[in-house]
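Inside the fold
What follows is the residue order along each chain.
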Amino acid sequence: MEEKAILDELRQKFPAGIRETSASPGDEVVVIEKAALLEIAAFLRDGRDKFTMLLDLTCVDYAGEEPRFEMVYHLFSLSRNRRLRIKARLGEGDLRIASLTPLWKNASWLEREVYDLFGVQFEGHPDLRRLFMYDGFEGHPLRKDYPLRRRQPLIRLKE
Amino acid sequence: MPNRIQQQARPDTMLLNMGPSHPAMHGTIRIMLELDGERIVNSEVEVGYLHRGFEKTCEHRTYFNLLPYTDRLNYVSPLINNLGYAMTVEKMLGVSVPERAQYIRVLMSELSRISDHLTCLAAMAMECGAFTVFLYKMKAREFLWDVIEQTTGARMTTSYIRIGGVRADLHPGFDTALKKAVEETRGVLKDIHGLLDKNKIFLNRTRDVAVMSREDAVSFGWTGPCLRSTGVSYDVRKAQPYLVYDDLKWEVPLGERGDNFDRYMVRMMEMEQSLRIIEQAAVRLPKSSREFIADGLPPAEAIKESRRRRVRRDIALSPNLEGSEESRYRDILASDRGSVVPPKEETYTSIEGLIDHFKFFMRGHGLRPPKGEAYFAVEGGNGELGFYIVSDGTDRPYRLHLRAPCFHIVSALEQLIQGRYVADVIPTFGSMNMIGGELDR
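The rules behind the values
- Residues numbered from 1 in each chain as written.
- Chains lettered and ligands numbered in written order.
- Predicted model: local features only at pLDDT ≥ 70, side-chain atom pairs only at ≥ 80, totals over all residues.
- Domains from an automatic or database assignment.
- Pairing = 2+ DSSP bridges.
- Helix = DSSP H or I, 4+ residues; strand = E, 2+ residues; numbered from the N terminus.
- Axes fitted to C-alpha atoms, helices over the stretch in contact; angles between N-to-C directions.
- Parallel < 35°, antiparallel > 145°, perpendicular 65-115°, else oblique.
- Left-handed = near helix turned anticlockwise from the far one by under 90°.
- Contact = placed C-beta atoms within 7 Å.
- Nonpolar A, V, L, I, M, F, W, Y, C, P; charged D, E, K, R; others polar.
- Buried ≥ 20, exposed ≤ 12 C-beta atoms within 10 Å, placed from the backbone.

**What to know about the domain arrangement of chain B**
Domain boundaries assigned for chain B yield domain 1 (3-46) and domain 2 (299-361). Each of domain 1 of chain B and domain 2 of chain B was reduced to a C-alpha centroid, and the two centroids are 58 Å apart.

Below you can see the structure in the form of structure tokens.
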């Protein structure tokens, strides 16, 4: 019943920040309000269960739904050997969420990737630039409204 | 463009460009160095030269036919990528895999792991000047790849591990070939230990160079041999055992200092453990329920005969399909008929089989995992290789995200080489095992 414990603890600790929790086998999921992200992430990292690892950070574009984007974080606790998935929804008009760079070092590149491919703005990121695409690339390729074979304009080679 | 470093550079330093096409950059990656003499004051790593839009492409392919794309992620150990993807979809579908197929999967992923480590260390040693080591390791890798080639039909682009099992059963001479490969690899590993472990040149370039602390390694999300070289014991195969890893006896080798030499050493020891796993798995591999079919009815005749009555004899399939005869299906593929390719014998000779075939491959049909999402990770050559798949109930993934282990490892490169010499970049980068296909996707 340890599985439940962390979800219950989160619900008690952040009654306003948690939208829902669910536990399917192997996948503990907690859906949060985006404003509470940094607080909850810090609590998880330093709390009893020590989710010291940010395994993964990505985004899903649910085009047509509102809020449209969903940030997905995968945390891992080495001491408890458990994973936890955090999800937060972002509306299209307000594509901003707190950056996790103060907590985890790999968040820097991961957030640059999401910024590049989805156009999500991470507040507090020290160096938010495109990671995979080049400067001058138009649009954000992993969005659902970006066509698979869209051509990009030619850009001037610098220097 | 490496803007940051250009803006921040001091006026008295020199900017030097390493890559994207540099002999020691195993993929295409660009490192911009700000140098004070030979010291690296600052650096900036630029990735993305091999970005092929893997995730975007997958959204437009069905679950079955995006499998070949996974080969091309970590192209040194494609079988583990196949496995990671297949197991994630199996988790969504709730399919269970026969025991023999599980052992075959373990064998194949350990062979890939060894070849992955061999390639990484071979390149690293060569860049430090040990060309003999490179040739020895490539020789060993060839023996392993021979086994993989004989089993899967391809050296690198295998697509062998399928959703629900494996594509084909092992061939008759597998045991002998495997035995030879294991023996040869053991011999090579021994030689390498002799050549490198106390080699002064190698030690000077790796001992205490680019030391990673435990805390930083965890904070950077390192996994795999690189994390274990810092002394953190986390291996997905032990922590969350999948397949039959739980039943086999093996250990997780750890390093102490987290420097280049430890990364080398952990990989070397891991290969020995992988050999142990392979030997045990080869012995415990459940027997196949059928011998190979030597001569069966030619397909054309079978089709002809099926027009009048049901064909009851074995049918000789094309050599491409060797090992995936219908009679072997229960050894290698899940019993759930809807989630595996229908046997060719039935497709050829019965109308129901033909319908099954079309239902499996037709647009909008085929594999349709229930609505929802799943994350599943396996231990890849570089660490935790995770797939995050969101399904909307159709035959194509709504979103597929790859958690590439070396993405997190390379993101620490800037920190590791800061304050070191230019020459230190080479062994450090080599010991990280950057794989472009996986990093850039």
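**A look at the sheet that holds strand β2 (residues 30-36) of chain B**
All names here are of chain B. The strand order β1-β2-β3 describes an open sheet built from three strands, whose pairing is antiparallel. The sheet is open, and its two edges are formed by β1 (14-18) and β3 (39-46), each paired on a single side. Each strand axis lies, on average, 20 degrees off the axis of its neighbour in the sheet, ignoring direction. Note that β1 and β2 share five bridges and pair antiparallel. Following the sheet pairing, M18 is matched in β2 by I31.

**Details of the packing of helix α7 (residues 174-196) of chain B against helix α12 (residues 260-284) of chain B**
The relative placement of two packed helices comes down to the angle between their axes together with the axis-to-axis distance. All names here are of chain B. Closest axis-to-axis distance for the α7/α12 pair is 11 Å, and the angle between their directions is 160 degrees. In terms of orientation, α7 lies roughly antiparallel with respect to α12. The handedness of the crossing between α7 and α12 is left-handed. Between α7, through D175, L178, V182, T185, R186, L189, I192 and H193, and α12, the contact on the second element is made entirely by M268, M271, E272, L275, I278, E279 and A282. Residue composition of the contact of α7 with α12, by class: nine nonpolar, two polar and four charged.

**Quick look at the environment of M124 of chain B**
All names here are of chain B. Locating M124 in the fold gives a position in helix α5 (residues 99-127). Here M124 falls in the buried class, since 31 other C-beta atoms lie within 10 Å of it. Separated by 151 residues in sequence, M124 and L275 have C-alpha atoms that sit 22 Å apart.

**Structural notes on the pairing of β3 of chain B**
Residue and element names in this part refer to chain B. Among the eight residues of β3, six are classified as buried, and the element is accordingly described as predominantly covered. The sheet contact formed by β2 and β3 spans seven bridges and is antiparallel. Its bridge partner being in β3, M32 is matched across the sheet by E44. Count of turn residues in the β2/β3 antiparallel hairpin: two residues, of which G37 carries a positive phi of about 65 degrees.

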